[in-house]
Amino acid sequence: MQTCIRIHPKDSVAVALQPLSEGTWISESNPGQSEAGKEPGFLLKEDIPAGHKFALTDIPAGSPVIKYGEPIGTACADIPQGAHVHTHNLKTALDGVLSYTYRPTHPSVAATEEAFFQGYRRSDGKAGVRNELWIIPTVGCVNDVAAAIARQAQDLVNGSIDAVVSFSHPYGCSQMGEDQENTRQILADLIHHPNAGGVLVLGLGCENSNIGELKKYIGDYDPERIRFLVAQECDDEIEEGVSILRSLAEYAGKAKREPISCSELVIGMKCGGSDGLSGITANPTVGGFSDLLISKGGTTILTEVPEMFGAETLLMNRCENEALFDQTVKLINDFKNYFTAHGQSIYENPSPGNKKGGISTLEDKSLGCTQKSGSAPVKGVLSYGEPVKNRGLNLLSAPGNDLVASTALAASGAQIVLFTTGRGTPFASPVPTVKISSNTPLYEKKKNWIDFNCGALLEGTSLSELSEQLFDYVLRVASGEQVKSEAAGFHDMAIFKQGVTL
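This text gives an overview of the structure that appears in the document. Here the structure is a predicted model, which is why all the values come from computation and not from measurement. Each chain has its residues counted from 1, running along the sequence as written. For a predicted model such as this one, the threshold for reporting local features is a pLDDT of at least 70, and the threshold for listing and counting side-chain atom pairs is 80 or more; totals across whole chains, interfaces and linings nevertheless cover every residue. Hydrogen atoms and water are omitted, and side-chain values are computed over all heavy atoms in the structure.

Sheet strands line up and pair through hydrogen bonds in the backbone, either parallel or antiparallel. An order of E13-E12-E14-E15 is seen for the four strands of this open sheet, with the pairing classed as parallel. Only two strands of the sheet have a single neighbouring strand rather than two, namely strand E13 (164-166) and strand E15 (226-230). The mean inter-strand angle of the sheet, taken between neighbouring strand axes irrespective of direction, is 20 degrees. Two strands make a pair as long as DSSP finds a minimum of two bridges between them. Secondary structure elements are taken from DSSP: a helix is a run of H or I of four residues or more, a strand is a run of E of two residues or more, and numbering for both begins at the N terminus. As judged from the six bridges shared by strand E12 (residues 132-137) and strand E14 (residues 196-203), these two strands associate in the parallel manner. Within E14, the position partnered with Ile136 by the bridge is Val201. Across the sheet, helix H1 (residues 143-152) lies against E12, E13 and E14, angled at about 160 degrees from E12, the strand it touches most. Each of E12, E14 and E15 is contacted by helix H2 (residues 177-191), which is oriented at about 160 degrees to E12, the strand it contacts most. With axes taken as lines fitted to C-alpha atoms, and helix axes fitted only over the stretch in contact, angles between N-to-C directions fall between 0 and 180 degrees. Any two residues having at least one pair of non-hydrogen atoms within 4.5 Å are treated as being in contact.

This is the structure:
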């Protein structure tokens, strides 16, 4: 079994695929494969945890450290061959807002045979993968009312009705400017989401983002599918809310699954709690999945902009044209300016959990993170809350926060979110959220969280085989198979807070 890996021929470090002890023999030409004495090599100078890096050659202080074929930072001390390379001797080389030049690489993905899932066709023509009843509060003041309505309506979950869900959030009032606009746009996006067969929009009545205001963002809608209730205007809002849900259930219950081309699938891609194996196993597998879906006419969305820093030029040069390149430059620099406007370091990343798992710098994290985008050209760049328009690979403006970014993916049209992780997490989002482990021990330990194991990539399964297995699994989920968080009854949402609170 392979014990470590040099990801790219240019790399000056290798990654341990399992815990390696001080004194372990490492081949210089083929790390992890040969035996001591068979060819030139060296001994590890210290223990290396799984997912962590060690030097394949002497790296002088001030020199770049190379992983994924790209710099992941600068050595801040002399690093001898066989030494552990991590936060104690490696620092980021990123600094400030940058200027960029478009150097297109002209990638392409060849078309492959059409595939289908069993989904729901909505009256507006969109395709959903669930037939749920959603209660969406306009303001946090009615969160508990929404939850009470959902609890009292659980008997409606039968036949083709998959779930009755209320989505709590603390916003909708005491907001100003762009912050308020973001809340209204995200709520409007979710109201139109095709995974909901029926939607009850629950307002208080005196909030800034009241139903009258929100309707300006909702635009045209199907009155059989979307209903409204103002709590201050009725005697018993819970009783009336349950009554409306029963009417919505009668309408939504008529929907039946039918074959729909996977060219109508929109899949969000996100990672969190990453470790040193995420960029080697789980993220490349999702990248392979993305290319496969796009080859069949489908759409994927990559987000968490702060975790593109350090790898952004790879995405920029994959833009189909210069206009998209300019939008991607703005996407990146706007987020950097957002950080500096709040007096925060642009590159204060990765998290403690990332570091424990072997990720040392933001470049290290970002180069692994962007593996989820596969090799396809960038076809669209979306602002926060903007619905997807172009099929193929899209980039979405949203932060790295797991709940906020996953909600943003759903709001932009993703019917499913793929979430890779090396540490594990139980959270959900407004849509089925597939948890994908980077390593087998996590999958074995947290089977109540993890849906798909990419640790198999280190155990003999090829990347193409695993990507095809993930594609098949996603089609099953799109056709109704529950993910672990759904089975647990979890449904979460979070809106990006960007302004003052009055």
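We call a set of buried residues a nonpolar core when its members are Ala, Val, Leu, Ile, Met, Phe, Trp, Tyr or Cys and they connect through side-chain atoms within 4.5 Å of each other. For every residue, the accessible area obtained with a 1.4 Å probe (protein chains only) is divided by the maximum for its type, and the residue is called buried under 20%, exposed over 50%, and partly exposed between those limits. With 94 residues, the main nonpolar core has Leu265, Phe309, Ile416, Leu418 and Ile436 as its most contacted residues. Residue contributions to this core peak at eight residues, all from helix H12 (residues 463-478). Judged by nonpolar contacts, the second largest core, of 24 residues, contains Leu200, Leu204, Ala231 and Cys234.

Take the side chain of His192 next. Tracing the sequence through the fold places His192 in the loop between H2 and E14. Residues in contact with His192, not counting those within four places in the same chain, are Asp124, Lys126, Ile218, Asp220, Tyr221, Arg225 and Ile226.

Only Phe, Tyr and Trp rings are paired, with Trp represented by its six-membered ring, and only when their centres lie within 6.5 Å; those with planes under 30 degrees apart are stacked, over 60 edge-to-face, the remainder tilted. One pass over the structure, following the stated rule, counts 14 aromatic pairs. Residues Tyr384 and Phe496 carry aromatic rings whose centres are separated by 5.7 Å and whose planes lie at 80 degrees to one another, so their mutual orientation is edge-to-face. One end of the pair, Tyr384, is in the loop between strand E19 (378-382) and strand E20 (392-396); the other, Phe496, is in the segment after helix H13 (484-487), with 112 residues separating them in the sequence. With relative accessibility at 12%, the residue Tyr384 sits in the buried group. A connected cluster of aromatic rings, assembled from ring pairs, spans Phe309, Phe335, Tyr338, Phe339, Tyr384 and Phe496. For Lys215, the ring lying beneath its charged end belongs to Phe228, and the centroid distance is 4.5 Å. Over the ring of Trp449 we find Lys446, and its NZ or CZ is 4.0 Å from the ring centre. Look at NZ for Lys and CZ for Arg. If either is within 6 Å of the ring centre and within 35 degrees of the ring normal, a charge sits over the ring.

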